[in-house]
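These are the residues of each chain, in order.
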Amino acid sequence: MIRKQLLTLWALFLFASMAIAQDSKPITWKDIPTWKYMPGSAFEISPDGKWTVYGLVQLEGDGEIILQKVGDESSKKTFKIGSTSYPSMQFSEDGKWFVYTEYPTFSEKKANEKSKGKSLKNKAILVKLGTDEKKEFENVSNYAFNGKASSVLAINLSKEGNGDARGSDLLIYHLNSEKAQNLGNVADFSFNKAGNYLAYTVDAANQSGNGLYLMNVAANSMQILDSDKASYRSLAWTEKGDAFAALKMIKDKKYKQDKGQVIGVKNLASPQVTVYNPEKDSVNFNQAYTISQNRRPMWSDDLTRLFYGIHPLELAKKEEAKKELDQDSVKKAEAAAMQKIMADTTIKSISDLQKAIAKLDSGKVKGKKENDADTPDMTIWHWNDSRLQSRQQVMMNQDKNYSFWAMYDVNAGKHIQLQDSSMRDLNILDKQRYALGSDLQAYELDGNLDGQSYRDFYIVDLKTGEKKELFNKFYLPSYSSYPRESPDGTKLIYGLDGHFYIYDIPTAQSKNITEGLPTTFVNTEDDHNVEKPMNGALGWSSDSKYVILRDGWDIWQVPVGSGKETAINLTVNGKTDQIRYQYRFGLDPEEKGIDLSKPAYIRMYGEWTKKSGIAQLSPAKKGGLTPGAKVLIWDDFNVGNLSKAKNAETYYFFQEKFNEPTQVYLTDASLSNPKQVTNNAPDAEKYAWSAGTMLIDYVSDKGDKLQGTLFLPAGYVEGQKYPTVVYYYEKLSQTRHNWSNPGYSGTGWNPNIYTSNGFAVFIPDIVYKLDDPGMSAVWCVIPAVKEAIKTGVIDEKNIGIHGHSWGGYQTSFLITQTDMFKAAAAGAPLTNMISMYDLIYWNSGGGNMSIFEASQGRFRGGPWENWEAYERNSPVYHVKNVTTPLLLLHNDKDGAVDFTQGIEYYSALRRLKKPVVMMQYKGENHGLSKLENRKDYSVRMMEFFDHHLKGEAAPDWWKSGVNLLDLEEHLKGRAF
C-alpha cells in the first residue's frame, strides 16, 4: 500500500516535471565536446568576500570565467580564457585586483598541432575590480600577488633561449603606479605572507650573476644575499614570513650530484645570512655525503636551527669521462675525413654530393661503445628481496634521490644528522622539539606478501639528535592507527588493539583514552582481512588538550589530560537516528589544530535516507564544545565543500542532485538563506535528465540489510517498464544525489547520459564475506535487482550489467552464476584469481598477493592454502555457464589488472563459442586516457546496450567483427 502511494506521488511529480521540460531532448555523445561545465571546484571568492568568480570549460572548445560583485547582477562580466581543462585565476588579498590566464584558443591549438609549430604562449590578464580596466601581459608562465600588501603583481615570463639556465624575466608590476620593472634571469621567486619582501634566485647563462636576492617591496630596493657560480633553489619562507631558507648547489665533475650548501636568512630589515658549507665541516659532517636538493630546507620556529636533507655522494664513472673524450675525438676525426673527401671530390650535382656522403659513411670513424666489453641487460630476482625487482624499478628514482633529515644549529655552528638508513622515515613535529621516526624494513618483505603492515617507531630529540625506540613491530591495520602529533608537538595519538592512546613525549607515558567509553572506535564495517581497523580521528584541539574522534556515527570530544574531565558525545543522536556525522569542514587553511572556541561545522549523511547536510557544534563556556548538533542544512541533495572568504564572514558551499548540476551557494555563518551564485552547465535545460531516484531496501542472501539507488529514466511514465543497466563497485548507494557531469570517462560509463537516453540505472550496494569476493556479489546484487523489479520500473527481460576493474570482476563473475542479465559489459576485469594472485601490479611494481590477502581480494592466505575459495570465486573456472553476451574491455598496457586476465577470459569464452567481443586500445592503461579512445568506447558500449536491451540493430563490429585489414576504413566511418 505504501509503495503504491509513493508511486502515485512520483507520478504527480513527474507529470509536472515533464510539462516544464517537454521540449528537452536526450543528450548524445556528439553533444559532449561542446558541453560547458564548471570543472571540479573552479570557484573563487575574494578574501574580503565581495567578489566571486567561476570558470566554465569545454572539451573541444574555449572556456570562460564569470566575475561578479556579490549581490550586484549588473556587475557580472564574462572573460574568454581560451582552451583549458581548468582555469587559473587569483584575487589580490585586499579584494581590489583579479588576474587570470588566457590560453590559446582551441582552433589555434589544433592548427598548431597540425602544422607542428612552436609552442603557443599564455597571457595574464589583470583586472581592476569594479572598473573596466584591464591590462594584458604576453608570454606568461606564472604569477602571484604579494600577499597581504597587495601592492604588486609578480609575473614570471616563459623562458626563451638562455641555454640550460633556468631563469627568465620576472616583471614586477606596481598596481597603484601602473609601472613595471624587469628582473632578469629569475628562476624561483616567493613573497612572504605580509608581502613586504620578495625572495628570488637568479639563474643565468654561464651562471653569470647567479645568486640569492631579497627585494624590499615597499622601498623597491634589492640586496644580493649570496652570489656564486652555483644554482640557487628551493626557497622556503617561515609561516610568519620573518625568515627564509634556500639551497645553493655547486657542480663538481668528480661526482654525479651537485654539492649542496644551505642558506638561512633572518632579520630581514638588515639581513643576517647564514651559509652552511659542509665541505668546511669535516668534524661533524660525513664527507661521503652532501646537502641534497631533493628536500626543501626549513627554519625552526625560533630561528635557531636549519633543517635540510643530505644524501651520499656518488663518484662519476671514469668510463663516462672517457666516453666524452672518445666522442670528441670521433667528431674531430669525422670533420677531418669530411674535409679530405670534399677536397678530393668534384661536386657538380646532388648525385655527386650523395656519393661524397656515402664515401664518408663507408669510411666513417667508429666511436667506441659505452663499455669495451658488452654487458647483459638483465634483472636478478631473489626470493629474499623485500621489494620485487619491478617495484624497485618503479621506485628507482625516488630511492636514488632519497635524502635523510639533518639539522644545523646556527648558534653552536654544529651539524647533526637526524636519521640514517636504519630509520627511513622522519616527520619533524610542530614546534620542532621532537621528530617521529619510523622504519618498516624488517617487515617490508612479509608486508608485500600478505598485506599486513608493521613498523618500528622512534622519537628523535631535535636538540641533540638522540633517538629512542617508541614501538617495536607496531601493527597498522589502516592508516587511522598511525601516530599523529598534537599542535604543541609534545604528544601523539595512536590506535592500538581497538583503542586510541595518547603518548606524552617528555614523560614517555602512554594512556588509553577510549577504554570504558560506551562505544567503539573500531571500524566494524570494514570487511577487509585486517584486525580492528580504527575510524580515523578528526584531529587535535588547537590547545592540545582534546582529541576529536568519530565512532562511525557520532563525534566525541575526548580529554587527553589526567584530570577528572570525561569524554563527551558531541553530536548525541548519530547512532540513534542513523545519521553519520562524517567530518569537520576546515575553514582556515592555516589552522593548527581545531579551535574549540569557534563553532565547528560538521558534514552529515543519512545512512538510510541518503540525505546530506551541515550541522554546527557551538563552543562551551568552560572550554571545548557543547553537546548537541544544531542542524543548519539537511535535505535530499548532496551538499559539501563548505568554505569561507579568508577575511570576511562570507560562506559558500556546493550543492547538487543526480539530475541537477553542481552549483555554488553564498551565505553567512548561519548558512541560512543561501543564494546561488553560479550557473554551471548553462545548457542543461536543453536536455532531458533523469526524472528522479528511488531507494531500494533489500536484504542480501547472507542477511545483510542493504540499499540500492534506482535512477529513473528521463520522461519516466508510471506503469511503463524500462531497459536498465545495473552498475556497482562495492558500496555506491551513497551516490544517490551525485551529479555526473556528461563526458567521456576512462571507463565509458556515465549514468546521466544513460538515463537521459531512456535507460533506468540501478546501483546496488555490495558487502563482502572473507574468502568469497565473487559470491558476495551474487548474494547482494541478485536479491537487490529482484527487489528493484518490484517497483515496476525495470523491464526484467532487458537488464544489462556493467562494472570496471573490481566492478568488472563482479560482472565477469555474475554472468557465470545467473541468466538474469541480457547483456554485460566488463572493463579491465580480474577473471582468474589463482593466476592473478601471482602477477604484478605494474603501475606500482608491487605484487598482487598483498592486495588479495589484506585489501580488495579479501582472501585468507594464498591459493595453496585456500584453493577451493580461489577457484570458487574465479570467473574463468565457471565459464561454461555463461549465456550472457559480453562486451569486454582490456588494454595491453593495463598496469593494474594484467592484460592476460582479459585474454584468459576471452579465449575461454571463444573456445566455447560464447558471444564475446573484446576491445583493446593499444598502449592504454587501466582506464582510457586518450580522448579518441574514450569517445570510441563510450559510443560502442551504448551501441551494445541499445542493441541488446532496446532491440536496436546490432552494430557491425558486434554482428560480424572487423578484420585487421578493414579496421582503418571502419574507424574512418565512425569518426565524429
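Heads up: the structure comes first, above all this text.
Please explain a nonpolar patch on the surface as it appears in this structure.
Taken together, the side chains of Val-962, Leu-964, Leu-967 and Leu-971 make up a nonpolar region of the molecular surface, amounting to roughly 340 Å² of accessible area. Within the fold, Leu-971 resides in helix α18 (residues 967–972). On the accessibility criterion, Leu-971 (38% relative accessible area) is partly exposed.

Help me out: how do you make sense of helix α16 (residues 931–950) in this one?
Given 3.6 residues per helical turn, the α-helix brings residues three or four places apart onto the same face. Between the first and last C-alpha of α16 there are 27 Å, a value that for 20 residues agrees with the 28 Å anticipated at 1.5 Å per step. Of all 20 residues in α16, 15 are buried; the element is thus mostly enclosed. Note on α16: the residue one or two positions beyond its end, Gly-951, has a positive phi of about 80 degrees.

Would you explain the packing of helix α10 (residues 773–789) against helix α11 (residues 806–814) in this entry?
What describes two packed helices is the angle between their axes and the distance between those same axes. Closest axis-to-axis distance for the α10/α11 pair is 9 Å, and the angle between their directions is 75 degrees. As summarised for this structure, α10 and α11 are arranged roughly perpendicular, according to the angle between their axes. Every residue of α11 that contacts α10 at Pro-773, Gly-774, Met-775, Ala-777, Val-778, Val-781 and Ile-782 is listed here: Trp-806, Tyr-809, Gln-810, Phe-813 and Leu-814. Looking at the contact of α10 with α11, its residues break down into 10 nonpolar, 2 polar and no charged.

I tried to follow the side chain of Asp-898 on my own but got confused; where do I start?
If you trace the backbone, Asp-898 turns up in the loop between β52 (886–889) and α15 (899–911). The buried charged residue Asp-898 lacks any salt bridge partner; its closest oppositely charged side chain belongs to Lys-893, at an N-O distance of 10 Å. Here Trp-842 takes part through its side chain, which lies 3.3 Å from a polar atom of the side chain of Asp-898. Filtering out sequence-adjacent residues up to four positions away, Asp-898 remains in contact with Met-836, Leu-839, Trp-842 and His-890.

For this particular structure, what's the right way to read empty space enclosed by the protein?
It is the rolling of a water-molecule-sized probe over the atoms that shows where space remains empty. For the structure on display, the rule yields 2 cavities of 30 Å³ or more. If you add up the space inside the largest cavity, you get close to 50 Å³. What lines the largest cavity is simply Leu-538, Ile-548, Ile-555, Arg-584, Ile-594, Leu-596, Ala-600, Ile-602, Leu-617 and Leu-625. As a volume, the second largest cavity reaches approximately 30 Å³. Here the residues of the lining of the second largest cavity sort into 4 nonpolar, 3 polar and 2 charged.

Please explain the sheet that holds strand β28 (residues 484–485) as it appears in this structure.
Strand pairing in a sheet relies on backbone hydrogen bonds. The paired strands run either parallel or antiparallel. Strand order in the open sheet made by the 4 strands is β28-β29-β30-β31, with antiparallel pairing throughout. Across the chains shown, the open sheet's two edge strands, defined by having one partner strand only, are β28 and β31 (509–512). As defined by bridge partners, strand β30 (residues 499–504) adjoins β31 across 4 bridges and the pair is classed as antiparallel. Bridge pairing in β31 links Asp-504 to Gln-509.

Help me out: how do you make sense of the packing of aromatic side chains in this one?
What describes a pair of aromatic rings is the distance from one ring centre to the other and the angle between the planes of the rings. Within this structure, the stated rule accounts for 50 aromatic pairs. Arranged with centres 5.8 Å apart and planes meeting at 85 degrees, the rings of Tyr-837 and Tyr-870 form a pair that is edge-to-face. Of this pair, Tyr-837 sits in helix α12 (residues 833–837) while Tyr-870 sits in helix α14 (residues 867–872), placing them 33 residues apart in sequence. Residue classification places Tyr-837 among the buried residues on the basis of a relative accessible area of 3%.

Whenever I open this one, the pairing of strand β17 (residues 259–266) confuses me. Can you help?
Both faces of the sheet carry side chains from a regular strand, because those side chains alternate between them. Counted residue by residue, β17 has 8 buried out of 8 residues, so it is predominantly covered. Of the two faces of β17, the one carrying Lys-259, Gln-261, Ile-263 and Val-265 and the one carrying Gly-260, Val-262, Gly-264 and Lys-266 are both buried. In the sheet, strand β16 (residues 243–250) pairs with β17 via 8 bridges, with the strands oriented antiparallel. The residue of β17 that forms the bridge with Ala-245 is Gly-264.

How should the pattern of salt bridges be read in this particular structure?
Between side chains of opposite charge, a pair can form when the charged atoms approach closely. This model, assessed by the stated rule, comprises 42 salt bridges. Asp-488 is the salt-bridge partner of Lys-491, the closest N and O atoms lying 3.2 Å from each other. On the accessibility criterion, Lys-491 (17% relative accessible area) is buried. For Asp-488, a relative accessible area of 27% corresponds to the partly exposed category. As a salt-bridge pair, Asp-936 and Arg-974 come within 3.9 Å of each other at their nearest N and O atoms.

Conventions used here
- Residues numbered from 1 in each chain as written.
- Predicted model: local features only at pLDDT ≥ 70, side-chain atom pairs only at ≥ 80, totals over all residues.
- Heavy atoms only, no water.
- Patch = residues over 30% accessible without salt bridge, like charges linked within 9 Å, V, L, I, M, F, W, Y side chains within 5 Å.
- Areas by Shrake-Rupley, 256 points an atom, 1.4 Å probe, with all protein chains shown as cover.
- Salt bridge = Lys/Arg side-chain N within 4 Å of Asp/Glu carboxyl O.
- Helix = DSSP H or I, 4+ residues; strand = E, 2+ residues; numbered from the N terminus.
- Buried < 20%, exposed > 50% of the residue type's maximum accessible area, 1.4 Å probe, protein only.
- Expected span 1.5 Å × (residues − 1).
- Axes fitted to C-alpha atoms, helices over the stretch in contact; angles between N-to-C directions.
- Parallel < 35°, antiparallel > 145°, perpendicular 65-115°, else oblique.
- Contact = heavy atoms within 4.5 Å.
- Nonpolar A, V, L, I, M, F, W, Y, C, P; charged D, E, K, R; others polar.
- Lys, Arg positive; Asp, Glu negative; His and termini not counted.
- Polar contact = N/O pair within 3.5 Å; in protein donor to acceptor, adjacent residues only side chain to side chain.
- 1 Å grid on protein atoms, 1.4 Å probe; cavity = no way out; pocket = protein on both sides within 12 Å on 5 of 7 lines; lining within 4 Å.
- Points joined across faces, edges and corners; volume = space filled by probe spheres on them.
- Pairing = 2+ DSSP bridges.
- Phe/Tyr/Trp six-rings, centres within 6.5 Å; stacked < 30°, edge-to-face > 60°.

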